[in-house]
Amino acid sequence: MPASRKSGKVFYTLRPSREGLPPFSDIKLPGGTIIRRVDEAIHRKALSNAAKALKERLDR
């Protein structure tokens, strides 16, 4: 992979749900580190969907 496409670490933080804000936002720090702020409601929904998918897969 070319050096220009390499990314550093990505850290996730949860933020309270607020109407009118995007579901997530990125803060890029020097050195390639990214802090991604994720809406709590979106995070909970994603966890729920992942749990359902895993349960369906294990029930087969």
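Residue indices begin from 1 for each chain and proceed along its sequence in written order. Selection of residues for local features in this predicted model requires a pLDDT of at least 70, selection of side-chain atom pairs for listing and counting requires 80 or more, and totals for whole chains, interfaces and linings are taken over all residues. Side-chain calculation: all heavy atoms of the structure are included, whereas hydrogens and water are not.

**Student:** Is there a simple way to explain the sheet that holds strand E3 (residues 34–39) in this structure?
**Tutor:** Paired through backbone hydrogen bonds, the strands of a sheet run either parallel or antiparallel to each other. The strand order across the open sheet built from three strands is E1-E3-E2, with neighbouring strands paired in mixed fashion. Looking at strand neighbours, the two that pair on one side only are strand E1 (10–15) and strand E2 (24–28), the edges of this open sheet. Neighbour-to-neighbour, the strand axes of the sheet open up by a mean angle of 20 degrees, direction not taken into account. We call two strands paired when DSSP finds no fewer than two bridges between them. Numbering of helices and strands runs from the N terminus; a helix is a DSSP stretch of H or I covering at least four residues, while a strand is a stretch of E covering at least two. Pairing between E2 and E3: five bridges, direction antiparallel. Along E3, the bridge assignment pairs Ile-27 with Ile-35. Every residue pair with non-hydrogen atoms within 4.5 Å of one another is taken to be in contact. Interaxial angles span 0 to 180 degrees and are taken between N-to-C directions of axes, which are lines fitted to C-alpha atoms, for helices over the stretch in contact. Of the strands in this sheet, E1 and E3 are in contact with helix H1 (residues 40–59), which crosses E3 at around 85 degrees.

**Student:** Would you take a moment to explain the pattern of salt bridges for this structure?
**Tutor:** Any two side chains of opposite charge can pair, on the condition that their charged atoms come close. Just to be clear on terms, a salt bridge is a Lys or Arg side-chain nitrogen sitting within 4 Å of an Asp or Glu carboxyl oxygen. Inspection of every chain in the model, using the stated rule, returns three salt bridges. Linking Asp-26 and Arg-36 is a salt bridge whose minimum nitrogen-to-oxygen distance equals 2.6 Å. Note that Asp-26 is positioned in strand E2 and Arg-36 in strand E3, a separation of ten residues in sequence. Relative accessible area serves as the criterion here: at 22%, Arg-36 is assigned to the partly exposed category. Relative accessibility under 20% of the residue-type maximum defines a buried residue, over 50% an exposed one, and the middle range a partly exposed one, all with a 1.4 Å probe and only protein chains included.

By themselves, these figures tell us nothing about what the structure is for.
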